[in-house]
Amino acid sequence: MTIGNLLSKIRQMPSTHSVVMVALLPIPIKNRIIPQKRLDEQRQTNREVLNEVLQQVLHPLTFKQNPSAESGYYNVLCADGNFRHCKPVLAAWLADCPEYSDLHHLERHVCFWYECPKNELGDYVPPDKQHPRRDHNLYRTLSDANTKAADAELSSGHVHRGFNVFRHIPWIVSDLPKPDLLHTMHIGMLDHLQKLIFHFMKTHERLDKSNAIWLSVPAYHNLKSKNKSHEEVSQWNGKEMKEMSRYLLGVVTQSLRGGSPAQRPIFNRAIDCTRALLEFYMYARYKSHNDATLSNMEDALRRFHTVKDVFLLGRAGKKVKAKANALRMKLVKKQKVDEETNADSWMLSKKQREINAWRDYISHEIDISKELDADFNLPKFHLMSHWAEQIR
């Protein structure tokens, strides 16, 4: 709990004691190795327990148990010795995406501002073509109805049925989540960008050159010299990500210099994608905005989505890789059958040409398979499209 007239540099200093802890929320035990049915039941129980705790913590904000309060206002003794007419409000909740989902009874990996389908989270959504905004009052009505039709409508919006304390407070629930630089950008999108660039460099055999340039970045203006390459760092924190954003574009640009005529367009798209996302991040860090800066931020996001497919192979997850490996085994078996069938008729030189042709064909088919199945459907890719609106 804090008051709203403190500068952020004062409010964020622990030594000023400007923030008062109201309660510790329970952390449930993680039971992963259990049947899916029991796991779903346990998650439902965890949500109910969390809501019971939050209901007790937030109960004073409903003002139903204090008849002497005038519309929720209290005479509060302030630090200067004067009494003031104050009204406590629930203003914001800063948390990571999974925590927002648990707090608002939403399924994991969905947008908590708009009802966007999961298979469209990685797409660019223009400001004038947004999906319907989440109506938590409707969710409360449907949850109280407890009918099959109501449950089906909740499920279509990726919402869990059950009591949620946020739907019973006198404020707009969907306005509680705020743009969060730490979770969405520092340890979110910038971390994804680093991994995508690392995979891109490895695929195009530029990793050694990239590591050499990375380690050669000198100490300058609060930047420390590097003694570890990218893959040698086990975990990045927000401060390190913030520093890395100052030189990442230079490292990528220098690492992708040269190349064959066929590689140049691909390298240029990788550089443009990196530049666009870093521009969005730099604009998002502004302490104040106007129409021009917000327009530039939205333009950077649009350019990022235009060229992000250059990193698509780096988004291949476990399921995509497993499917690609199954295809590889199938094609390798065909190659062996072809070699055994033509073993007597092929000369040594032709056999080597056929082996090389098979190798290139298998590699090409694997890349196509990964590109078809990989996607950018992550909540943090999608949440950036709402930042300009939330800032306004």
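Nothing here was measured: the structure is a model prediction, and the numbers come from that model. (Residues numbered from 1 in each chain as written. Predicted model: local features only at pLDDT ≥ 70, side-chain atom pairs only at ≥ 80, totals over all residues. Heavy atoms only, no water.)

**Q** What is the right way to look at the overall build of the protein chain in this model?
**A** Looking only at helices and strands, one finds 15 helices and 2 strands in the protein chain. Principal-axis analysis of the C-alpha atoms places the extent of the protein chain at approximately 100 × 60 × 40 Å. Within the protein chain, buried positions represent 35% of all 392 residues. In the protein chain, the proportion of contacts linking residues at least 24 apart, taken out of those at least 6 apart, comes to 68%. Each charge class in the protein chain can be summarised by its mean position, and for the 57 positive and 45 negative side chains these summaries are 4 Å apart. (Helix = DSSP H or I, 4+ residues; strand = E, 2+ residues; numbered from the N terminus. Buried < 20%, exposed > 50% of the residue type's maximum accessible area, 1.4 Å probe, protein only. Contact = heavy atoms within 4.5 Å. Lys, Arg positive; Asp, Glu negative; His and termini not counted. Charge placed at Lys NZ, Arg CZ, Asp CG, Glu CD.)

**Q** What should I look at first to understand the pairing of strand β1 (residues 74-77) in this one?
**A** The side chains of a regular strand alternate, first on one face of the sheet and then on the other. With 4 bridges connecting them, β1 and strand β2 (residues 83-86) associate as antiparallel partners. Of the residues in β2, the one forming a bridge with L77 is F83. (Pairing = 2+ DSSP bridges.)

**Q** How do you make sense of the nonpolar core when you look at a structure like this?
**A** Note that soluble globular proteins tend to have their nonpolar side chains buried in a common cluster. Among the nonpolar cores identified, the biggest contains 75 residues, and F166, F304 and F311 are the most heavily contacted of them. Residue contributions to this core peak at 11 residues, all from helix α10 (residues 264-284). Those residues within four positions of F311 in sequence are excluded, and the remaining contacts are L193, L196, I197, F200, A270, C273, T274 and F376. (Core = buried A, V, L, I, M, F, W, Y, C linked by side-chain atoms within 4.5 Å.)

**Q** Quick question: what am I supposed to make of the state of the cysteines here?
**A** Covalently bonding the sulfur atom of one cysteine to the sulfur atom of another cysteine gives a disulfide. Taken as a whole and assessed by the stated rule, the structure comprises 0 disulfides. Between C273, a free cysteine, and C116, which holds the nearest cysteine sulfur, the sulfur-to-sulfur gap is 19 Å. (Disulfide = S-S within 2.5 Å.)

**Q** Looking at this structure, I do not really get the environment of S156. What am I missing?
**A** Along the chain, S156 turns up in helix α5 (residues 148-156). A relative accessible area of 55% means that S156 is categorised as exposed. Counting along the chain gives 146 residues from S156 to R302, while the straight-line C-alpha distance between them is 28 Å. There is a polar contact of 2.6 Å between the side chain of S156 and the backbone oxygen of E153. (Polar contact = N/O pair within 3.5 Å; in protein donor to acceptor, adjacent residues only side chain to side chain.)

**Q** I'm lost on helix α7 (residues 207-215) in this one. Help?
**A** Owing to its 3.6 residues per turn, the α-helix aligns residues three or four sequence positions apart on the same side. Within α7, burial applies to L207, S210, N211, I213 and W214. When α7 is viewed along its axis, its buried side chains cluster within an angular range of 165° and face the same direction. In this fold, the buried residues of α7 make contact with α6 (181-203), α8 (238-244) and α9 (248-255). (Arc of directions from axis to C-beta.)

**Q** Honestly, the confidence of the model for the protein chain in this entry has me stumped. Any pointers?
**A** Segments scoring low in pLDDT should not have their predicted coordinates read at a detailed level. The predicted model of the protein chain averages 83 in pLDDT, with 93% of residues at 70 or higher. Counting contacts from residues 65-69, a segment whose pLDDT is below 50, to residues more than four positions away or on other chains yields 3 contacts. (pLDDT = per-residue confidence, 0-100.)

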